[in-house]
Amino acid sequence: MSESNLDATIIIPHFDDLKGLDRMLSSTVSMGVSVIVVDDKSDSTVRVGLKTLVSNYSHVQLLHNRSPKKGAGVARNIGLAECHTKWVLFADADDWFLEGAGQILRDKLSENKRADV
């Protein structure tokens, strides 16, 4: 059962962890959310694999940290500048969501329209 779209974006900083990121992205497919992955200056060979990986997920946008600074906070801010949804969630590349997470999130947000996520 697919869940309806949720006006939310998950922002994920990424650095050299394609396996973890693949698991994370596959766990977001049925959630009905947008995903922004911000690569934080991964190795050049990893960046090639990253582009291929992200192309397998139509709900994912790939950005790159081109600033002189590095770090998860910098990457999150780059993603946040490109985010245009009502709700924003931050996750890491080695996290993942359990089945039904989108519906749980949807239920919690409908209970409290002023919730911060």
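Whatever comes next refers back to the structure up there.
These figures come from a predicted structure and were not determined experimentally. (Residues numbered from 1 in each chain as written. Predicted model: local features only at pLDDT ≥ 70, side-chain atom pairs only at ≥ 80, totals over all residues. Heavy atoms only, no water.)

Student: How should I be thinking about the overall build of the protein in this particular structure?
Tutor: Broken down by element type, the protein carries four helices and four strands. Taken along the three principal axes of its C-alpha coordinates, the protein extends 45 × 30 × 20 Å. Within the span of the protein, comprising 117 residues, buried residues form 41% of the whole. Taking all contacts inside the protein whose residues are at least 6 apart in sequence as the whole, residues at least 24 apart take part in 80%. Accessible surface, the protein as shown: approximately 6900 Å² in total, 52% of it carbon and sulfur. (Helix = DSSP H or I, 4+ residues; strand = E, 2+ residues; numbered from the N terminus. Buried < 20%, exposed > 50% of the residue type's maximum accessible area, 1.4 Å probe, protein only. Contact = heavy atoms within 4.5 Å. Areas by Shrake-Rupley, 256 points an atom, 1.4 Å probe, with all protein chains shown as cover.)

Student: Would you take a moment to explain the side chain of Thr 28 for this structure?
Tutor: Tracing the chain through its elements places Thr 28 in helix H1 (residues 18-28). In this view, Thr 28 contacts Ile 10, Val 33, Val 35, His 59 and Phe 97; residues no more than four positions away in its chain are not counted.

Student: Could you clarify how one ought to interpret the packing of H1 against helix H2 (residues 44-55) in this entry?
Tutor: Helix-helix packing: each pair is described by the crossing angle between the helix axes and the interaxial distance. Packing of H1 against H2 leaves a shortest axis separation of 11 Å and a crossing angle of 15°. Regarding the angle of H1 to H2, the classification is roughly parallel. Considering only the axes of H1 and H2, their crossing is right-handed. Mapping the contact onto sequence places Leu 18, Leu 21, Asp 22 and Leu 25 in H1 and Val 46, Gly 49, Leu 50, Leu 53 and Val 54 in H2. For the contact of H1 with H2, the class distribution of residues is seven nonpolar, one polar and one charged. (Axes fitted to C-alpha atoms, helices over the stretch in contact; angles between N-to-C directions. Parallel < 35°, antiparallel > 145°, perpendicular 65-115°, else oblique. Left-handed = near helix turned anticlockwise from the far one by under 90°. Nonpolar A, V, L, I, M, F, W, Y, C, P; charged D, E, K, R; others polar.)

Student: Would you mind showing me how to read the packing of aromatic side chains here?
Tutor: Two aromatic rings are characterised by how far apart their centres lie and by the angle between their planes. Taken as a whole and assessed by the stated rule, the structure comprises zero aromatic pairs. Above the ring of Trp 96, the side-chain terminus of Arg 23 is found at 3.2 Å from the ring centroid. Sitting over the ring of Phe 15, Lys 70 keeps its end group 3.7 Å from the ring centre. (Phe/Tyr/Trp six-rings, centres within 6.5 Å; stacked < 30°, edge-to-face > 60°. Lys NZ or Arg CZ within 6 Å of the ring centre and 35° of its normal.)

Student: Explanation requested: the side chain of Arg 106 in the structure shown.
Tutor: In this fold, Arg 106 is placed in helix H4 (residues 101-111). By relative accessible area, Arg 106 is classed as buried at 13%.

Student: Can you walk me through the pairing of strand E3 (residues 60-64) in this structure?
Tutor: Strand residues, when the strand is regular, have side chains that alternate between the two faces of the sheet. Strand direction decides the pairing type here: strand E2 (residues 34-39) and E3, joined by five bridges, are parallel. Across the sheet, the residue bridging to Val 38 is Leu 63, located in E3. Since E2 and E3 lie parallel, the crossover through H2 that links them has a hand, and here it is right-handed. (Pairing = 2+ DSSP bridges. Right-handed = clockwise from strand over helix to strand, strands pointing away.)

Student: Mind showing me how you'd approach the pattern of salt bridges here?
Tutor: Side chains that carry opposite charge are capable of pairing whenever their charged atoms lie near each other. Applying the stated criterion across every chain yields a total of three salt bridges. Residues Asp 40 and Lys 70 are paired through a salt bridge, measuring 3.6 Å at the closest nitrogen-oxygen approach. With Asp 40 in the loop between E2 and H2 and Lys 70 in the loop between E3 and helix H3 (72-81), the pair connects residues that are 30 residues apart, well separated along the chain. For Asp 40, a relative accessible area of 5% translates into the label buried. For Arg 76, the salt bridge is made with Asp 92, and the minimal N-O distance between the two is 2.9 Å. Residue Arg 76 is found in helix H3, and its partner Asp 92 is found in the loop between strand E4 (87-90) and H4; the two are separated by 16 residues along the sequence. (Salt bridge = Lys/Arg side-chain N within 4 Å of Asp/Glu carboxyl O.)

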